[in-house]
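A closer look at the structure
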Amino acid sequence: MTTAAKKVLVTGGAGYIGSHTVVELIENGYECVIVDNLCNSSYDAVARLEILTKHHIPFYKVDLCDAEGLEKVFQEHKIDSVIHFAGLKAVGESTQIPLRYYHNNILGTLVLLELMGKYDVKKLVFSSSATVYGDATRFPDMIPIPEECPLGPTNPYGQTKLAIEHILHDLYNSDNKTWKFAILRYFNPIGAHPSGLIGEDPLGIPNNLLPYMAQVAVGRREKLFVFGNDYDSRDGTPIRDYIHVVDLAKGHIASLKYLDAQDQSQGICREWNLGSGTGSTVLEVYRAFCDASGIEIPYEITGRRAGDVLNLTAKPDRAKRELKWQTELDVAAACRDLWKWSTDNPFGYQLKGIDAKFGTPDEEFDGRFVTIGAGSRFQATIANLGATLADLKVDGQSVVLNYKDEAGYLSKDSCYIGATIGRYANRIAHGKFNLNGKDYQLTINNGVNANHGSIGSFHVKRFLGPILKNPSKDIFTAEYALVDKSENSEFPGSLTVTVLYTVNVATKTLDIEYTGNVEGEATPINMTNHTYFNLNKLNGPESIEGTEIQVISKKSIDVDANTIPTGSIIDRDIATYNDAKPTVLGKRSPDYDYCFVIDEKEVPTEVNTSSKKLKLVTTAYHPDSNIKLEVLTTEPSYQVYTGDWLCAGYHPRQGFAVEPGRYVDAINNKYKECVTLKPGETYGSKIQYRFS
Ligand code: UPG
């Protein structure tokens, strides 16, 4: 029997150190709940964490001072322990607005501790700082700095950290049998996750050395100012103990495990330095970053910064001895990872041309609608429910059917509007298939067949993510992922899929790329997108009437009365590119719901078609709106459906769908190979919608 994972509440989990710690927590088998007021961080960090960790991460936009909001989290989750990062952290700013610092950092912590007491959550790892030591060089023998060094912060920010340390000690002293506190004094965290997906994203002008240098390197700032070279050090610049943020994150896991391992009937309240024990000067770090980036960053030596001291280097022996933790990565590795983060995300998480709103009225972050290409002449809105294409606007006109919120998409018979279809698009005859000698039966949900993955349909699954990017001026991407575990599926194998939407606002194209990998056993797979287009929504929203279509081939899979393939391929009455005139869709006819094949002689075998050339398979045009849609794909076939059974708030023939994919019921006939994904293989396919 497996025991349930311990749940850790991470306050400030959307921030720099918090987000990196969430990665390590999940890798170590913990579950995480994040609370963050997002005053200096972005929800996009959490969305990216979901893809990085392949885990859903419950998120609450709550300020710790809001006791009622925070209590909801304790009510909704069985929290085992807390890692407390949330707080204001800019030294300089704290001297300008000290009351905000005291109010936010101290009151937030008090509210948190009171609720922890109320809900009997007694383990906390606290994010303190080396700043509590103040200027340790005022003593003759305190460099490197041991935990015993007398404390004396020199700014309000540091005072709040010290005050919280005192609060934790007092609380522990009041009940030293139950409270378990780990106080971690960080030295200088730098770097980013090696994936390049998460990193430090300072608002405004960065205060700290590395983020400032990175912004100079990517061209956002002119040059670095080195604050003084007249210190008593190797090169005249101050010495700090820089520590890779991934090492720092691991220090939290080590301390949490240390608290977990403590005697049940004995509390603890203890401090640990998290540093490397090695100091680097500003110019040494500068050199390391220039080497990592390959850019000679311009700099100027200016006067000393008020409050800076010569040397802050940790004595990390206690953490090594007791937590069995020490740094593994050096400054060069941190610079390399920071450079990857900076080049992959030169503007951090906040991107122009991307908007997000909530899919549910109560602003639950789980339901998000993200618009990529926002504000431009071509934009796509995507919901994380079903990785659904929830809107597509061409020159301001919506050309797809959609619902205004999640409730519509969740309604019965929602007709898969805009959704990602999986694991298996289209029908599986009688819901039966056989793989590796085993028979499988899916729930029948469509006449005598299973359709679109049946009860495990992806259209109502909440996808992880997205990762939002703006890789070049006109291009915006949104990447979603879904882990469809075998224990929750009628299909064999645990399947992980990704859906990547790419909008090009200049060429008015939307690309959708699917990938899939399976673990355990092989699975049938066939993915597509089920957008219903209406190219004349503005003038004639009630019908697709008047839409002119042409396709690449009139060859189509013949089906019987139960829509099960007969084995033959026949011609349908539809205009191809060889015909002079298109087929015009009327009020009631022609009605299509057919799987057309691009090349009838081909028996497709590839489970991954992604590297194939995109082929134009269907063109649709409406003369009233003058909007033309071209559908391209790497797939061997495409279902054309004139929406004759549309319901759930829509009328029949209010939209039409073109769904590229694999042959209908391929898993049960000679086309089986191309829809069978085995462990170790990668499924892939691409669709493109192009407008003019
Ligand atoms: N520095 C420059 N130019 C810049 C920024 C910094 O020369 O544009 C120098 C600065 O003078 C210092 C060194 O770089 O010598 C590091 O500065 P910075 O990155 O700002 O870190 P610290 O001042 O050491 O403070 C950090 C955190 C603080 C934490 C402390 C713990 O900002 O919150 O308490 O490290 O050591």
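It should be emphasised that the depicted structure is a prediction, and the values quoted were computed from it without experimental measurement.

Notes on the overall build of the chain
Across its full length, the chain holds 12 helices and 41 strands. In terms of overall dimensions, the chain is globule-like: its C-alpha atoms have a radius of gyration of 29 Å, near the 26 Å expected for 692 residues. Across the 692 residues of the chain, 58% fall into the buried class. Contacts spanning at least 24 positions in sequence make up 72% of the contacts within the chain whose residues lie at least 6 apart. Carbon and sulfur atoms make up 50% of the accessible area of the chain, which amounts to about 27600 Å² in all.

With respect to the environment of Ala407
For Ala407, the location among the structural elements is in helix 12 (residues 406–410). Distance from Ala407 to Pro144, taken between C-alpha atoms, is 59 Å for residues 263 residues apart in sequence.

Details of the site of the ligand
Near the ligand lie 22 residues; those nearest to it are Ser129, Asn208, Phe225, Arg240 and Asp308. The separation between an oxygen atom of the ligand and a polar side-chain atom of Arg305 is 2.8 Å. Side-chain polar atom of Asp308 to an oxygen atom of the ligand: 2.4 Å apart, as the coordinates give it. Burial of the ligand by the protein amounts to 90% of the accessible area it has alone, namely 680 Å². Looking at the shell around the ligand element by element, the count peaks at 4 residues for strand 8 (residues 224–227).

Here's the deal with the UniProt feature "domain: NAD(P)-binding" (unreviewed entry) in the chain
What UniProt calls "domain: NAD(P)-binding" (unreviewed entry) maps, in this numbering, to residues 9–337. For residues 9–337, helix accounts for 40% and strand for 17%, while the C-alpha atoms at its two ends are 27 Å apart.

Quick notes on the packing of aromatic side chains
This model, assessed by the stated rule, comprises 26 aromatic pairs. With centroids separated by 5.2 Å and ring planes inclined at 20 degrees, the aromatic side chains of Trp179 and Phe181 adopt a geometry described as stacked. You can call Trp179 buried: its relative accessible area is 5%. Looking at Phe181, the relative accessible area reads 0%, which means it is buried. Taken together, Phe378, Phe533, Phe656, Tyr689 and Phe691 form an aromatic cluster joined through their ring pairs. Taking the ring centre of Tyr231 as reference, the NZ or CZ of Arg304 above it sits at 3.8 Å.

Structural notes on the domain arrangement of the chain
Taken as a whole, the chain is organised into domain 1 (7–344) and domain 2 (354–691). Using C-alpha coordinates to define each centre, domain 1 is positioned 44 Å away from domain 2. Facing 15 residues of domain 1, the contacting portion of domain 2 comprises 16 residues. Carbon and sulfur atoms make up 65% of the area that domain 1 and domain 2 hide from each other, which totals about 1300 Å². Together, Tyr43, Ile51 and Lys54 form the three largest contributors to the area buried by domain 1 at its contact with domain 2, with a combined 39%. Along the contact surface separating domain 1 from domain 2 lie 1 salt bridge. In this structure, Asp44 and Arg368 form a salt bridge, with 3.3 Å as the shortest nitrogen-oxygen distance. Where domain 1 meets domain 2, there are 3 residue pairs in polar contact (both at pLDDT 80 or more). For the side of domain 1 that touches domain 2, the elements supplying multiple residues, two or more each, are helix 2 (43–53) and strand 3 (59–61). Examining the composition of the side of domain 1 that touches domain 2, we find that 6 residues originate from one element, helix 2, more than from any other. When grouped by side-chain class, the residues that make up the side of domain 1 that touches domain 2 number 6 nonpolar, 2 polar and 7 charged.

Considerations on the sheet that holds strand 5 (residues 123–129)
Strand order across the open sheet formed by 7 strands is 3-2-1-4-5-6-11, with parallel pairing between neighbours. For this open sheet the edge positions go to strand 3 and strand 11 (268–274), each flanked by a neighbour on one side alone. Adjacent strand axes in the sheet meet at a mean angle of 15 degrees, parallel and antiparallel pairs treated alike. When strand 4 (residues 81–84) meets strand 5, the two strands line up parallel, connected through 3 bridges. The partner of Ile83 across the bridge, within strand 5, is Val125. Running at roughly 170 degrees to strand 2 (residues 31–36), helix 3 (residues 67–76) makes contact with strand 1 (7–11), strand 2 and strand 3 of the sheet.

Conventions used here
Residues numbered from 1 in each chain as written. Predicted model: local features only at pLDDT ≥ 70, side-chain atom pairs only at ≥ 80, totals over all residues. Heavy atoms only, no water. Helix = DSSP H or I, 4+ residues; strand = E, 2+ residues; numbered from the N terminus. Rg over C-alpha atoms; globule rule 2.2 N^0.38 Å. Buried < 20%, exposed > 50% of the residue type's maximum accessible area, 1.4 Å probe, protein only. Contact = heavy atoms within 4.5 Å. Areas by Shrake-Rupley, 256 points an atom, 1.4 Å probe, with all protein chains shown as cover. Near = heavy atom within 4 Å. Polar contact = N/O pair within 3.5 Å; in protein donor to acceptor, adjacent residues only side chain to side chain. UniProt positions renumbered as here; feature names shortened; annotations may be inferred. Phe/Tyr/Trp six-rings, centres within 6.5 Å; stacked < 30°, edge-to-face > 60°. Lys NZ or Arg CZ within 6 Å of the ring centre and 35° of its normal. Domains from an automatic or database assignment. Buried area = accessible area lost by both parts, 1.4 Å probe. Salt bridge = Lys/Arg side-chain N within 4 Å of Asp/Glu carboxyl O. Nonpolar A, V, L, I, M, F, W, Y, C, P; charged D, E, K, R; others polar. Pairing = 2+ DSSP bridges. Axes fitted to C-alpha atoms, helices over the stretch in contact; angles between N-to-C directions.

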